[in-house]
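# Understanding the architecture of this molecule
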Amino acid sequence: MKRTLYIFQNGELRRKDHSLYFETEGRKKYIPVENTSDIYIFGEVDVSKRFLEFASQKQIIVHYFNHYGYYVGSFYPREHLNAGHVILKQAEHYLDGRKRLNLARRFIEGSIQQMGRVLKYYRSRLEAKDVFDNVLHDFEKESLLLSDAQSVEQLMALEGHVREKYYSTFDTIIRHPDFVFEKRTKRPPHNRLNALISFGNSIVYTMCLSEIYKTYLDPRIGFLHSTNFRRFSLHLDVAEIFKPIIVDRLIFSLINKKMLVKKHFDKLTDGILLSEEGRKIFVSELEKKMQTTVQHRHLGKSVSYRRLIRLELYKIQKHLLGEKEYEPYAAKW
Amino acid sequence: MPVTGTDIWYYYICHREVWLMKHQIAPDQEDESLDLGRFISEIYYRRNKKELSFGNIVIDRVRQEDGQLVVGEVKKSSRYMKSATMQLLYYLDYLRRMGIEARGELLFPEERKKEVVEWTEEARVELERAVKEIQRILRMPVPPKPKKIQFCAKCAYREYCWAEE
C-alpha cells in the first residue's frame, strides 16, 4: 500500500526529472513518487509549480497545516477517477430529502455506535462502571430518537447531545490533572485535551479526503455536512465513523503511556496548542495505528485502518448505486 | 453502446465486472495485478508491437503469415481460457464481417505459450448471444450482485464487491 509522507522541517519541494525531492539546508531527500499517496506539510515548505504539476500527474495529494498545526487546505489534484453515473447518483441522494436524511442518519448511527464501543471498552476496565452505564443508557435512548428526526439539523442536534455526554466520560477515563476536559472548545482549543482532539480530528478529516480521491465519490457532496459547492464535506461525514476509534483511543493511550505530557503543549494568548514536538509524536503514533490491521470478516483477510476508510467509501458508493443499503462500520472490540 | 473485445472477456468471467466497466467504474488502480498486466503488455513483443484500433475493437498485435492476417491477443495467464478465446473470436468475427479472414493467436508470454484460435459458425452464434446478453446487463439500473468465484481472489474489484459489514 502507498505511504503517507509527513514533513515537519522547513525546505523546498522540487521536481527533478521523474522524481521528487525535499531539499533542506543543502540536503536532498528523494521521495518515492510511485509509492506515495499523500504528503502532509507542517513546516515552512516552498513548492514550485513544476512540483504541483508532477504531484497532480502522480495523483499525490498535498495537505497543508500552518505554524500552529491548523489545517490550511489541500492541493487536490484534478479528478482522475470519473464516472458520470456515480456523480449523478450522489447528487440524486443529496437532492432527494428523504434519501439524504437516510444517509445522514446512517453516519450519526455509526458515530454513536463507535463512541459506545470506546465507552464499553473502558467500562470493562475501570471501576466507575455506573458513569459509563449511565452514558451508554443515554446513548440508547438518543439512538431511538434518530428515526424520528425530520431534518438533518435535528440529527445534528441529537448527535451534539450524544457527543457532549460522551465527552463527559473523558475525565473518568483519563484521570490525569494535566488533561482535564471541562468542555469542548475549538478555534482555539482552551486546554490540552481539546488541543489533542482538534489536531487529531483534523488529520482524520484529511485522511478521509485522501481516500475519497481514490474513489468515484465527489468530496463536495456531503449528506450530513451540507454541501456548498465550494469546499469539501463528504470527508467530514465519513470521519464521524472513525474519529472515536482512531483519534480518541489514540489520545487516551498517548496520555496513559505518558508519551504526551504537559511540555508538549504551547500556550498562546487565547488558547493552547500541541507543540511541534507534540505533533510529531502524535502523527507518528497515528500513522502506526493507521497501518495496524484488523481482521475483516467479510473480506476474509485483515485490513489496515487506512483501508477500512476506503472500504467505508466503497460501501457508500454501493449505497448510492442502489446495490446495498449502507451500514456503517462497527468495530467489534 | 458498442460491445468491445474486453467486454466479451469480462462477460465470460463476471457479469458484474461488465456492468461496472461499462459504467466507467474502473477497479482499484493501486492493485498489483493491474500493474502486472500493464507491465506485460508494455514489455513483451516490443519489437513487433502493432496495436491496431478500428471500429470499437483494439487488437494487441497483427502480422501477416502466408498471405493471411494473424491477430494476436496477449494475456497474463492461460487460466481463463474460455474468456480469452471468446474475446479473440470476437475480433475474428468482427474482421470477417468486414470481409477480412483472419486467424487468431492467444499469447501467454509469461508461460511461453501460444494457442491458435479459428473462427467457426458455432462461435459466431455463441457470440451473437453473448452480445445480446451484455446489452441486457448494461441496461440493468443496478449492477449485478457480486458472486464469489475463483476470479475474485485476484480481481482488482474484490474490495469494492466485498466491502460490507
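Just so it is clear, the structure is predicted and the values come from calculations on it, not from any experiment.

What counts and what doesn't
Residues numbered from 1 in each chain as written. Chains lettered and ligands numbered in written order. Predicted model: local features only at pLDDT ≥ 70, side-chain atom pairs only at ≥ 80, totals over all residues. Heavy atoms only, no water. Helix = DSSP H or I, 4+ residues; strand = E, 2+ residues; numbered from the N terminus. Rg over C-alpha atoms; globule rule 2.2 N^0.38 Å. Buried < 20%, exposed > 50% of the residue type's maximum accessible area, 1.4 Å probe, protein only. Contact = heavy atoms within 4.5 Å. Areas by Shrake-Rupley, 256 points an atom, 1.4 Å probe, with all protein chains shown as cover. Lys, Arg positive; Asp, Glu negative; His and termini not counted. Charge placed at Lys NZ, Arg CZ, Asp CG, Glu CD. Pairing = 2+ DSSP bridges. Axes fitted to C-alpha atoms, helices over the stretch in contact; angles between N-to-C directions. Parallel < 35°, antiparallel > 145°, perpendicular 65-115°, else oblique. Left-handed = near helix turned anticlockwise from the far one by under 90°. Nonpolar A, V, L, I, M, F, W, Y, C, P; charged D, E, K, R; others polar. Domains from an automatic or database assignment. Buried area = accessible area lost by both parts, 1.4 Å probe. Salt bridge = Lys/Arg side-chain N within 4 Å of Asp/Glu carboxyl O. Expected span 1.5 Å × (residues − 1). Bend = angle between axes of the 7 residues up to and from the residue. UniProt positions renumbered as here; feature names shortened; annotations may be inferred. Polar contact = N/O pair within 3.5 Å; in protein donor to acceptor, adjacent residues only side chain to side chain.

Once that is clear, we can look at the overall build of chain A. A count of helices and strands for chain A gives 10 helices and 12 strands. What you see for chain A is a C-alpha radius of gyration of 20 Å, in line with the 20 Å of a compact globule of 333 residues. Dimensions of chain A along its principal axes, counting C-alpha atoms only, are 60 × 50 × 40 Å. Within chain A, the fraction of its 333 residues that count as buried is 56%. Relative to all contacts within chain A whose residues are 6 or more apart in sequence, the contacts with residues 24 or more apart total 62%. Accessible surface, chain A as shown: approximately 15100 Å² in total, 49% of it carbon and sulfur. Each charge class in chain A was averaged separately, 56 positive and 41 negative side chains, and the resulting centres sit 4 Å apart.

All right, on to the sheet that holds strand β5 (residues 102–108) of chain B then. Residue and element names in this part refer to chain B. Reading across from one edge, β3-β4-β5-β6 is the order of the 4 strands in this open sheet, with mixed pairing throughout. Here the strands that pair on one side only, and so sit at the sheet edges, are β3 (61–65) and β6 (113–117). Across the sheet, the mean angle from the axis of one strand to that of its neighbour is 25 degrees, orientation sign disregarded. Sheet topology places strand β4 (residues 68–74) next to β5; 6 bridges connect them, and they run parallel.

The next thing to look at is the packing of helix α7 (residues 192–213) of chain A against helix α8 (residues 234–256) of chain A. Residue and element names in this part refer to chain A. With their axes 8 Å apart at the nearest point, α7 and α8 run at an angle of 135 degrees to one another. Considering their axes alone, α7 and α8 lie oblique with respect to each other. Where α7 crosses over α8, the handedness of that crossing is right-handed. Seen from α7, the contacting residues are L193, L196, I197, G200, N201, V204, Y205, C208, L209 and I212; seen from α8, they are L234, H235, L236, V238, A239, F242, K243, I246, V247, I251 and I255. Here the contact of α7 with α8 is built from residues that sort into 17 nonpolar, 3 polar and 1 charged.

Attention now moves to the environment of H80 of chain A. All names here are of chain A. If you trace the backbone, H80 turns up in the loop between β8 (71–75) and α2 (84–95). Relative accessible area serves as the criterion here: at 28%, H80 is assigned to the partly exposed category. Along the primary structure H80 and L311 are separated by 231 residues, whereas in three dimensions their C-alpha atoms are 19 Å apart. Sequence-distant contacts of H80, that is, excluding residues within four places in its chain, are made with Q59 and Y213.

Before going further, it helps to examine the domain arrangement of chain A. Residues and elements named next belong to chain A. When the domains of chain A are assigned, the result is domain 1 (3–75) and domain 2 (84–321). Here the C-alpha centre of domain 2 lies 27 Å away from the C-alpha centre of domain 1. Contact with domain 1, which involves 18 residues of that partner, is made by 21 residues of domain 2. Between domain 1 and domain 2 the total buried area reaches about 1700 Å² when both faces are included, carbon and sulfur atoms providing 61% of it. Counting the surface domain 1 buries against domain 2, the share from its top three residues, Y6, F8 and Y70, is 31%. Our count for the contact surface shared by domain 1 and domain 2 stands at 1 salt bridge. Between D38 and R306 there is a salt bridge whose closest N-O contact spans 2.9 Å.

What follows is about α8 of chain A. All names here are of chain A. Over its 23 residues, α8 runs 33 Å from end to end, which matches the ideal 33 Å to within 8%, given 1.5 Å per residue. Of all bends in α8, the biggest is about 60 degrees, found at F242, and the proline P244 comes one to four residues later. Summarising burial for α8: 21 of the 23 residues are buried, a large majority. Phi turns positive one or two residues past the end of α8, at K258, with a value near 60 degrees.

For the rest of this paragraph, the subject is the UniProt feature "binding site: Mn(2+)" (unreviewed entry) in chain A. All names here are of chain A. Mapped onto the present numbering, the UniProt feature "binding site: Mn(2+)" (unreviewed entry) falls on E159, H225 and E240. Despite a sequence span of 82 residues, these residues sit close together in the fold, their greatest C-alpha distance being 12.3 Å. Once residues lying within four places of it in the same chain are set aside, the contact partners of E159 are I108, S111, M115 and E240. With respect to the helices, strands and loops of the structure, H225 is situated in the loop between α7 and α8. On the basis of relative accessibility, which here comes to 17%, the residue H225 falls in the buried class. Those residues in contact with H225 that lie beyond four places of it in its chain are M156, S233, L236, D237 and E240. A polar atom in the side chain of H225 sits 2.6 Å from the side chain of D237.

Here we come to the pairing of β6 of chain B. Residues and elements named next belong to chain B. Where β5 meets β6, 5 bridges bridge the pair, whose relative direction is antiparallel. When the sheet's bridge partners are listed, L107 is paired in β6 with K114. From the end of β5 to the start of β6, which pair antiparallel, there are 4 residues, and R112 there has a positive phi angle of about 50 degrees.

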